[in-house]
Amino acid sequence: MDDLGFVLLDTSPNLVDEWNRAFVEHNPTRDNFTFLQSKLEDLPEQYHSFDCIVSPANSYGRLDGGFDYFLSQAISPFGDLDAPTKIVQKVLYSKWKGFAPPGTCTLVPLKDTSCFPNPYSCRFIALCPTMHIPERVNWNKEIVYNCIWALLTEISTYNGSSQDKIHTVVMTGLATGVGSVPAERCAQQMALAIRDFYDALENPDKWSAMD
């Protein structure tokens, strides 16, 4: 996982500031993370190619609102904005019978679909639903932590068994829009989950026998 890099982007300067603060406070691997105040379409050229993009969609995999709308715009073939939703929902049905519980992560391959190649050379969508349907989830104190842990687990498992590894991941804030999770809590939960996950990798004896 040492060669895995993340680009965290959001249009909210407050969230970007909170990311920087939280990762300095908690995350010993922060050199692997870049924080940008940017739209997906305005990413600087050096970040314009990535392997995986995280979708904070709902449990039914509809990529048609918030950040997911712009994700769909970015990778869809011309004239078919619903293509990413169709691809994601097919995988969700195979793995979850169509409903991915909030806090899980599902890697959705884009190769051999109508969404590949795309302008970003993106090969995977990582679906990390924070809610069943678009709604406030600020009552859920751990949803962001759970999504990040599930995301890192999925990527770690995939990279451990594949030659075509995921090296770069682009993602935005989780549940900070419709979900109404405060920027500070989102940033803290992301940084804590990453800190703890890397600790689990480095200390298997401890994490495989928790008391």
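How each quantity is defined
Residues numbered from 1 in each chain as written. Predicted model: local features only at pLDDT ≥ 70, side-chain atom pairs only at ≥ 80, totals over all residues. Heavy atoms only, no water. Pairing = 2+ DSSP bridges. Helix = DSSP H or I, 4+ residues; strand = E, 2+ residues; numbered from the N terminus. Buried < 20%, exposed > 50% of the residue type's maximum accessible area, 1.4 Å probe, protein only. Polar contact = N/O pair within 3.5 Å; in protein donor to acceptor, adjacent residues only side chain to side chain. Contact = heavy atoms within 4.5 Å. Phe/Tyr/Trp six-rings, centres within 6.5 Å; stacked < 30°, edge-to-face > 60°. 1 Å grid on protein atoms, 1.4 Å probe; cavity = no way out; pocket = protein on both sides within 12 Å on 5 of 7 lines; lining within 4 Å. Points joined across faces, edges and corners; volume = space filled by probe spheres on them. Nonpolar A, V, L, I, M, F, W, Y, C, P; charged D, E, K, R; others polar. Expected span 1.5 Å × (residues − 1). Salt bridge = Lys/Arg side-chain N within 4 Å of Asp/Glu carboxyl O.

An unreviewed UniProt entry annotates the protein as Macro domain-containing protein of Psilocybe cyanescens.

A. Inspection of the pairing of strand β6 (residues 168–171) at higher detail. Summarising the sheet, strand β1 (residues 5–10) and β6 pair through 4 bridges and their orientation is parallel. Residue pairing in the sheet places L8 in a bridge with M171 of β6. In this structure, strand β3 (residues 52–55) lies alongside β6, joined through 2 bridges in parallel fashion. Bridge pairing in β6 links I53 to V170.

B. The side chain of D51, seen in detail. Mapped onto the fold, D51 is located in the loop between β2 (33–37) and β3. A relative accessible area of 14% places D51 in the buried class. Side-chain polar atoms of D51 contact the backbone nitrogen of H167, separated by 2.7 Å. Beyond its immediate stretch of four places on either side in the chain, D51 contacts C122, R123, F124, K165, I166, H167 and T168.

C. Spotlight on the packing of aromatic side chains. As enumerated under the stated definition, the model contains 12 aromatic pairs in all. Ring centres 5.0 Å apart and planes at 65° place the aromatic pair F23 and F35 in the edge-to-face group. Pair noted here: F23 is in helix α1 (residues 13–26) and F35 is in strand β2, with a separation of 12 residues, a long-range link. Like F35, F23 is buried. Ring centres of F197 and Y198 lie 6.3 Å apart, and the angle between their planes is 80°; on these two criteria the pair is classed as edge-to-face.

D. Spatial organisation of the layout of surface pockets. If you add up the space inside the largest pocket, you get close to 680 Å³. Along the wall of the largest pocket there are 33 residues; nearest its centre are P56, G65, G66, F67 and D68. Of all the secondary structure elements, the ones that give two or more residues to the lining of the largest pocket are β1 and α2 (67–75). Taken together, the residues of the lining of the largest pocket sort by class into 14 nonpolar, 13 polar and 6 charged.

E. Highlighting helix α5 (residues 183–202). With 20 residues, α5 ought to run about 28 Å at 1.5 Å a step, and its terminal C-alpha atoms sit 29 Å apart, in line with that. In terms of residue burial, α5 counts as a mostly covered element, since 14 of its 20 residues are buried.

F. Region of interest: the pattern of salt bridges. In this structure the tally under the stated criterion is 9 salt bridges. Between R21 and E18 there is a salt bridge, and its shortest N-O distance comes to 3.0 Å. Placement of both R21 and E18 in helix α1 is noted, with a separation of 3 residues, approximately one turn of the helix. With relative accessibility at 46%, the residue R21 sits in the partly exposed group. Residue E18 is classed as buried on the basis of its relative accessible area of 13%. K111 is the partner of D164 in a salt bridge, and the nearest nitrogen-oxygen pair spans 3.3 Å. One end of the pair, D164, is in the loop between α4 (143–161) and β6; the other, K111, is in the loop between β4 (106–109) and β5 (124–127), and 53 residues separate them in sequence. Counted as one network, the salt bridges with shared partners bring together D51, K111, R123 and D164.

G. Highlighting the side chain of S162. With respect to the helices and strands, the residue S162 is situated in the loop between α4 and β6. Residue S162 is classed as buried on the basis of its relative accessible area, which comes to 14%. Within the structure, S162 has its side chain in polar contact with the backbone nitrogen of D164 (distance 3.0 Å).

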